Amino acid sequence: MPNYLCIQRSQPSDSSAPQEKPSAEKMQQMMASFNAWREKYGSNLVDMGGPLGGATVVTADSTTEGPFSESNFVVGGYMIVSAVSLEEAAQIAQESPGVMRPGSSVEVREIKTMG
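Residues take numbers from 1 onward in each chain, read along the sequence in its written order. Local features are withheld for residues below a pLDDT of 70 in this predicted model, meaning they are given only at 70 or higher, and side-chain atom pairs are given and counted only at 80 or more; totals for whole chains, interfaces and linings count all residues. Excluding hydrogens and water, the side-chain values take into account all heavy atoms of the structure.

Participant: Outline the side chain of Ser104, listing residues and values.
Facilitator: Runs of H or I in DSSP of at least four residues are treated as helices and runs of E of at least two as strands, each being numbered from the N terminus. Tracing the backbone shows Ser104 in the loop between helix 2 (86–94) and strand 6 (105–111). Using a relative accessible area of 17% as the deciding quantity, one classes Ser104 as buried. Accessible area is worked out with a 1.4 Å probe on protein chains only. A residue is then buried under 20% of its type maximum, exposed over 50%, and partly exposed in between.

Participant: Tell me about the side chain of Ser96, residues and numbers included.
Facilitator: Tracing the chain through its elements places Ser96 in the loop between helix 2 and strand 6. Setting aside residues up to four positions removed in sequence, Ser96 forms contacts with Trp37, Met79 and Val106. Between two residues, a contact is recorded if the distance between any of their heavy atoms is within 4.5 Å.

Participant: Talk me through the packing of aromatic side chains; I want residue IDs and the actual numbers.
Facilitator: Stacked, edge-to-face and tilted are the three classes for Phe, Tyr and Trp ring pairs, Trp counted by its six-membered ring, which pair at centre distances within 6.5 Å; planes under 30 degrees apart are stacked, over 60 edge-to-face, the rest tilted. Counting across every chain of the model gives one aromatic pair. Consider the rings of Phe34 and Trp37, whose centres lie 6.1 Å apart with planes at 40°: the pair is tilted. Separated by three residues within a single helix, Phe34 and Trp37 lie in helix 1 (residues 24–41), roughly one turn from each other. Given a relative accessible area of 22%, Phe34 falls into the partly exposed group.

Participant: Could you give an account of the layout of surface pockets, naming the residues involved and the relevant values?
Facilitator: In this model, the largest pocket occupies a volume close to 1400 Å³. Taken together, 37 residues line the largest pocket, and the ones lying closest to its centre are Gln8, Pro97, Gly98, Arg101 and Ser104. Residue assignment for the lining of the largest pocket shows that the elements contributing at least two residues are strand 1 (3–10), helix 1, strand 2 (45–51) and strand 5 (74–82). If one sorts the elements of the lining of the largest pocket by residue count, helix 1 sits on top with six residues. Under the scheme applied here, ten amino acids are nonpolar (Ala, Val, Leu, Ile, Met, Phe, Trp, Tyr, Cys and Pro), four are charged (Asp, Glu, Lys and Arg), and all others, including Gly, are polar. By residue class, the composition of the lining of the largest pocket is 19 nonpolar, 14 polar and four charged. Within this scheme a cavity is a closed region of a 1 Å grid, computed over the protein atoms alone, that accommodates a 1.4 Å probe without allowing it to escape, whereas a pocket is open but has protein on both sides within 12 Å along at least five of seven lines; lining residues each have an atom within 4 Å of a point. Grid points are joined across faces, edges and corners, and a volume is the space filled by probe spheres set on the points.

Encoded structure:
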């Protein structure tokens, strides 16, 4: 079964505006949703990945330090899922808690094998 890279994206936040922390009740709801999703798709979750930190873009001639604010989206994390098709992988990503927040999305790409 093919593997798919799921790239978590969100819209850049306004760094001048304070980030509102979710209430304890909201955190419980979010964790319950995440656990239900993980239980449903556990056999498809090859690597739960995690959040990503700072970035550097490397070319043959230079390196450029991130974050890259000119982007319309910020890459915040990744995971790898196993699915029979791109459509199934997209369905798994669409049901993930990673797309619950407004402005969030998950880009799904097949990982091609060499050879």
